[in-house]
Amino acid sequence: MQDFLSKPLSPTRAYSFNDCQLLFRYRTIDKLPERPGAAAFKGTLIHSVLEDMFDLPASDRTLDTVSGLLPAALEKFLAEEPEVAFAIDESLEWPGGASEPSVESQQLLLSSARSLTAKYFTLEDPRTLNPSEREHHVEVELGAQKIHGIIDRVERTAAGDIRISDYKTGKSPKPAWAHKYWFQMKFYALLLWKSEGVLARELRLLFLGDGVVLRHSPTLEEIVSFETEVLELAARIKAAVLAGTFAPKPSKLCDWCSFQKLCPAQGGIELPLPYSPTS
Ligand code: SF4
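Residues numbered from 1 in each chain as written. Predicted model: local features only at pLDDT ≥ 70, side-chain atom pairs only at ≥ 80, totals over all residues. Heavy atoms only, no water.

1. A short note on the overall build of the protein
Phase 1: From N to C terminus, the protein includes 10 helices and five strands.
Phase 2: Expected size for 279 residues packed as a compact globule is a radius of gyration near 19 Å; at 20 Å, the protein falls within 12% of this value.
Phase 3: With the principal axes as the frame, the protein shows a C-alpha extent of 60 × 50 × 35 Å.
Phase 4: Put simply, the protein has 279 residues, and 43% of those count as buried.
Phase 5: When contacts within the protein are restricted to residue pairs at least 6 apart in sequence, those whose partners lie at least 24 apart make up 68%.
Phase 6: Taking the average place of the 31 positive charges on the side chains of the protein and the average place of its 38 negative ones, the gap between the two points comes to 5 Å. (Helix = DSSP H or I, 4+ residues; strand = E, 2+ residues; numbered from the N terminus. Rg over C-alpha atoms; globule rule 2.2 N^0.38 Å. Buried < 20%, exposed > 50% of the residue type's maximum accessible area, 1.4 Å probe, protein only. Contact = heavy atoms within 4.5 Å. Lys, Arg positive; Asp, Glu negative; His and termini not counted. Charge placed at Lys NZ, Arg CZ, Asp CG, Glu CD.)

In structure tokens form, the structure reads like this:
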């Protein structure tokens, strides 16, 4: 348990505690296995190609060239992480042994990934961009609490201005559902502000699902207040871990939750804690 509490908090982990504490527990403390999700893997594939794209000479960063990177990237994932087969081909029984996704399911995935890549090219021209960092890992300490995150892309101007960009393969959210996206972006801004002392000039979310870019320019007051929000959330997580109580929070998320049979809110039985609470 102390091991868990000493790990740095990521934006995903922090936000998932707000979504549902029991889901947070099963995923991050019990680490129960879940079938890899198709949408999540497609996101991973697109992210890897959009990252590798910037290794190409600027003039080669065209839709045809970048789309052409997708099959090799998929092949590499399948060779290095065989479990992604279960995300690609829903007809494969999970959990199961080593499996090959069908050719049709791979083609379907690649076709969808090509459409998303094409949408990306309607949002910006990567031939004009020169990111200073990609998949940038930053870890800082807020007092006794460590936090970290991996930022998709950072650009810097000669004057020192910073722009943070994040790719999303889904559609842009309605305003009522946008909070979790801005939570993640403010988390990144907080990480850079704490590590470099510079406040990002612009936070950008690129939604490839519907070709929408959302932008926000954070103020210092906003990031200072966000730091307090993160610390309060970290304190609530610590209190729940020490007490061993993780409340289920039924919502639309339950439809996709892998743990319905282990959830009292869904008529299931909660698993015993894998450790002894201390408070
Ligand atoms: S089924 Fe819903 S309430 Fe239960 S753990 Fe999953 S997300 Fe939480």
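2. Notes on the site of the ligand
Phase 1: In the region of the ligand, the neighbouring residues are Cys20, Leu23, Pro248, Lys249, Pro250, Cys254, Cys257, Gln260, Cys263 and Gln266.
Phase 2: Counted by class, the shell around the ligand contains seven nonpolar, two polar and one charged residues. (Near = heavy atom within 4 Å. Nonpolar A, V, L, I, M, F, W, Y, C, P; charged D, E, K, R; others polar.)

3. A look at helix H10 (residues 220-243)
Phase 1: Between the first and last C-alpha of H10 there are 35 Å, a value that for 24 residues agrees with the 34 Å anticipated at 1.5 Å per step.
Phase 2: Of all the positions in H10, only Ile223, Phe226, Glu227, Val230, Leu233, Ala234, Ile237, Ala240 and Val241 are classed as buried.
Phase 3: Once H10 ends, the next one or two residues include Gly244, with phi positive near 70°. (Expected span 1.5 Å × (residues − 1).)

4. What to know about helix H4 (residues 38-52)
Phase 1: In this model, H4 (15 residues) spans 21 Å end to end at C-alpha, consistent with the 21 Å of a helix rising 1.5 Å per residue.
Phase 2: Listed in full, the buried residues belonging to H4 are Phe41, Gly43, Leu45, Ile46, His47, Ser48, Val49 and Leu50.

5. Re the nonpolar core
Phase 1: Ranked by internal contacts, the top residues of the largest apolar core, which has 48 residues, are Ile147, Ile164, Phe187, Leu190, Val241 and Phe246.
Phase 2: No other element matches the 11 residues that helix H9 (residues 179-196) contributes to this core.
Phase 3: When sequence neighbours within four positions are dropped, the list of residues in contact with Phe246 reads Phe17, Gln21, Leu22, Phe24, Arg25, Ile29, Ala240, Val241, Glu270, Leu273 and Tyr275.
Phase 4: Counting residues in hydrophobic clusters, the runner-up holds 30 residues, among them Val49, Val84, Phe86 and Ala113. (Core = buried A, V, L, I, M, F, W, Y, C linked by side-chain atoms within 4.5 Å.)

6. Focus on the packing of aromatic side chains
Phase 1: Considering all chains together, one arrives at 11 aromatic pairs under this definition.
Phase 2: Taken together through their ring pairs, the aromatic side chains of Tyr15, Phe183, Phe187 and Phe226 make up a single cluster.
Phase 3: Note that Lys252 overlies the ring of Trp177, its terminal NZ or CZ placed 5.0 Å from the centroid. (Phe/Tyr/Trp six-rings, centres within 6.5 Å; stacked < 30°, edge-to-face > 60°. Lys NZ or Arg CZ within 6 Å of the ring centre and 35° of its normal.)

7. Here's the deal with the pairing of strand E2 (residues 145-156)
A regular strand carries its side chains on alternate faces of the sheet.
Phase 1: Most of E2 is tucked away: nine of the 12 residues are buried.
Phase 2: Examined bridge by bridge, strand E1 (residues 133-142) and E2 share nine bridges and lie antiparallel to one another. Counted as the bridge partner of Leu142 is Gln145 from E2.
Phase 3: Turn length for the E1-E2 hairpin, with the two strands adjacent in sequence and antiparallel, is two residues, and the turn residue Gly143 shows positive phi of about 65°.
Phase 4: Sheet topology places E2 next to strand E3 (residues 162-168); four bridges connect them, and they run antiparallel. In the strand pairing of E3, Arg156 is matched with Ile162.
Phase 5: The antiparallel hairpin formed by E2 and E3 contains five residues in its connecting segment, where Gly160 sits at a positive phi of about 95°. (Pairing = 2+ DSSP bridges.)

8. Some details on the sheet that holds E1
The strands making up a sheet associate through backbone hydrogen bonding, with each pair oriented either parallel or antiparallel.
Phase 1: Across the sheet, five strands lie side by side as E1-E2-E3-E4-E5; this open sheet has mixed pairing. Strands at the two margins of the open sheet, each flanked by one partner only, are E1 and strand E5 (212-216). Sheet twist, expressed as the average angle between the axes of neighbouring strands with direction ignored, equals 35°.
Phase 2: Strands in contact with H4 are E1, E2 and E3; relative to E1, the strand with the most contacts, it is inclined by about 105°.
Phase 3: The strands touched by helix H8 (residues 103-123) are E2, E3, strand E4 (202-207) and E5; relative to E4, the strand with the most contacts, the crossing angle is about 140°. (Axes fitted to C-alpha atoms, helices over the stretch in contact; angles between N-to-C directions.)

9. Examining the domain arrangement of the protein
Phase 1: Once the domains are mapped, the protein shows domain 1 (38-128) and domain 2 (133-229).
Phase 2: Tallying the contact residues gives 14 residues for domain 1 and 15 residues for domain 2.
Phase 3: Together, the buried faces of domain 1 and domain 2 total about 1,300 Å²; carbon and sulfur atoms form 64% of this surface.
Phase 4: Of all residues in domain 1, His47, Glu51 and Leu123 bury the most surface against domain 2, accounting for 41% of the area lost on that side.
Phase 5: At the boundary of domain 1 with domain 2, the tally comes to three salt bridges.
Phase 6: Close ionic contact of Glu124 with Arg204 constitutes a salt bridge, the shortest N to O distance being 2.6 Å.
Phase 7: For the pair domain 1 and domain 2, the number of links is six residue pairs in polar contact (both at pLDDT 80 or more). (Domains from an automatic or database assignment. Buried area = accessible area lost by both parts, 1.4 Å probe. Salt bridge = Lys/Arg side-chain N within 4 Å of Asp/Glu carboxyl O. Polar contact = N/O pair within 3.5 Å; in protein donor to acceptor, adjacent residues only side chain to side chain.)

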